[in-house]
Amino acid sequence: MTCTVLSIEYESLAALQAAFMPVFDHGGLFVPGYKGAALGRRFFLLLTLPGQTGPLPALARCAWIQPARNARRRPGGLGLRFDADCAHLRERIEGLLAAREFKDVPSHTF
């Protein structure tokens, strides 16, 4: 099965918080605005986190699709679930986000 390569860069912790999807077992990210992928599609991510100098590689699958027009008026896009081999990214993201409280930061997802 082929993978779609996707480069994602988060410049701020607030942007990362809005995209992070802890609901998935190994974590994941919401990619707003991305169209044209089916559930189960594989992605090879080049993920740059805030304060990081270069991208981290990660494998993920499309596990959720949010249509552009939805009842909650949130952006359309894809929910990408990290593969089990990339579970360390969940820990890394949670470590970055634990340093701050984001009660007022809206999420792109739930």
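Everything that follows concerns the structure shown earlier in this document.
Computed from a prediction, not measured in an experiment: that's the story for all the values here.

1. Thoughts on the pattern of salt bridges
Under the definition given, this model contains 2 salt bridges. The closest approach of N and O atoms between Glu94 and Arg90, which form a salt bridge, is 3.0 Å. On the criterion of helical spacing, the pair formed by Glu94 and Arg90 is a turn pair, its members being 4 residues apart in helix α2 (residues 87-98).

2. Brief notes about α2
The end-to-end C-alpha distance of α2, which contains 12 residues, comes to 17 Å, matching closely the 16 Å that a straight helix rising 1.5 Å per residue would cover. Taken residue by residue, α2 has Leu89, Arg90, Ile93 and Leu97 as its buried positions. Buried residues of α2, viewed axially, fall in a sector of 105 degrees; they line one side. Away from its buried face, by an angle of more than 90 degrees, α2 presents the exposed residues Glu91 and Ala98. Tucked into the core, α2 has its buried residues touching α1 (13-19), β2 (28-32), β3 (42-48), β4 (56-66) and β5 (77-82).

3. Some thoughts on the sheet that holds β2
The sheet built from 5 strands is open, its strands ordered β1-β3-β4-β5-β2 with mixed pairing. At either margin of the open sheet sits one strand with a lone partner, and together these are β1 (3-9) and β2. Strand-to-strand twist in this sheet, taken as the mean axis angle between neighbours without regard to direction, amounts to 35 degrees. In this structure, β2 lies alongside β5, joined through 5 bridges in antiparallel fashion.

4. Structural notes on the nonpolar core
The biggest cluster of nonpolar side chains holds 25 residues, and the ones touching the most others in it are Leu29, Phe43, Leu45, Leu47, Leu80, Phe82 and Ile93. Mapped onto this core, the elements with two or more residues apiece are β1, α1, β2, β3, β4, β5 and α2. Among the elements that line this core, the one with the most residues is β4, at 4 residues.

What counts, and at which threshold
Residues numbered from 1 in each chain as written. Predicted model: local features only at pLDDT ≥ 70, side-chain atom pairs only at ≥ 80, totals over all residues. Heavy atoms only, no water. Salt bridge = Lys/Arg side-chain N within 4 Å of Asp/Glu carboxyl O. Helix = DSSP H or I, 4+ residues; strand = E, 2+ residues; numbered from the N terminus. Expected span 1.5 Å × (residues − 1). Buried < 20%, exposed > 50% of the residue type's maximum accessible area, 1.4 Å probe, protein only. Arc of directions from axis to C-beta. Contact = heavy atoms within 4.5 Å. Pairing = 2+ DSSP bridges. Axes fitted to C-alpha atoms, helices over the stretch in contact; angles between N-to-C directions. Core = buried A, V, L, I, M, F, W, Y, C linked by side-chain atoms within 4.5 Å.

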